[in-house]
Amino acid sequence: MRRTKNLVTAGLAATVSALALTAAGFAVPAQAAPTAAGVDCDGWVHNNNPDHGIAGCSNNTDRTITFRAEVVCGWAPDVSGQWVTLAPGQYGESSGVCAIYSSGVGSVGWTIQ
């Protein structure tokens, strides 16, 4: 009887731990990538398509920059948008679309080269 009770207790503890880790994974959204000095970026989800994430950047520096969107997709692999090169003073957008079986865009960040 005691051995069965220990197995049940251990199984219950493992299940609770797994559920807590899973819930924590869903509760913490990905943070947007830091923006380089002089580059202003913003990320958003398309108004008509919850699977489409967009990042837009303005280059307020005196040099050319290149960036791309980094889209976090729920229940599907994350996607990266196309690389966009901006001359000083230009604005541009990069986007990515999550797989049809995803639960939609969780967040949109960007990578600047």
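Everything quoted here is computed from the prediction, not taken from an experiment. (Residues numbered from 1 in each chain as written. Predicted model: local features only at pLDDT ≥ 70, side-chain atom pairs only at ≥ 80, totals over all residues. Heavy atoms only, no water.)

Trainee: Break down the overall build of the protein chain for me, citing the residues and quoting the values.
Mentor: A tally of regular secondary structure across the protein chain gives one helix and seven strands. Starting at the N terminus, the α and β elements of the protein chain follow one another as α-β-β-β-β-β-β-β. A burial count over the protein chain gives 29% of its 113 residues as buried. In the protein chain, once contacts between residues fewer than 6 apart in sequence are set aside, the share between residues at least 24 apart is 60%. Accessible area of the protein chain: about 7,200 Å², with a carbon and sulfur share of 59%. (Helix = DSSP H or I, 4+ residues; strand = E, 2+ residues; numbered from the N terminus. Buried < 20%, exposed > 50% of the residue type's maximum accessible area, 1.4 Å probe, protein only. Contact = heavy atoms within 4.5 Å. Areas by Shrake-Rupley, 256 points an atom, 1.4 Å probe, with all protein chains shown as cover.)

Trainee: Talk me through the nonpolar core; I want residue IDs and the actual numbers.
Mentor: In this structure, Cys57, Phe67, Val71 and Leu86 are the most contacted members of the largest nonpolar core, which totals 16 residues. Among the elements of the structure, β1 (39–45), β2 (52–59), β3 (65–74), β5 (84–86) and β7 (104–112) are those that each provide at least two residues to this core. Top contributing element to this core by residue count: β3, with five residues. (Core = buried A, V, L, I, M, F, W, Y, C linked by side-chain atoms within 4.5 Å.)

Trainee: Can you explain the pattern of salt bridges? Please cite residues and give values.
Mentor: Enumeration according to the criterion identifies one salt bridge in this entry. Arg68 is the salt-bridge partner of Glu70, the closest N and O atoms lying 2.9 Å from each other. A residue is classified by how much of its surface remains accessible, and Glu70, at 21% relative accessible area, is partly exposed. (Salt bridge = Lys/Arg side-chain N within 4 Å of Asp/Glu carboxyl O.)

Trainee: How would you explain the state of the cysteines if you had to name every residue and give the values?
Mentor: By definition, a disulfide is the covalent link that joins the sulfur atoms of two cysteine residues. Under the defined criterion, the tally for this structure stands at two disulfides. Here Cys73 pairs with Cys98 through a disulfide, and the sulfurs are 2.0 Å apart. The S-S bond linking Cys73 to Cys98 shows a torsion near -85°; that makes this disulfide left-handed. Linking Cys73 in strand β3 with Cys98 in the loop between β6 (91–97) and β7, this pair joins segments that are 25 residues apart in sequence. Per residue, the accessibility class of Cys73 equals that of Cys98, and both read buried. The connectivity of the disulfide-linked cysteines in the protein chain, indexed sequentially, is 1-2, 3-4. (Disulfide = S-S within 2.5 Å.)

In short, shape yes, function no, at least from these values alone.
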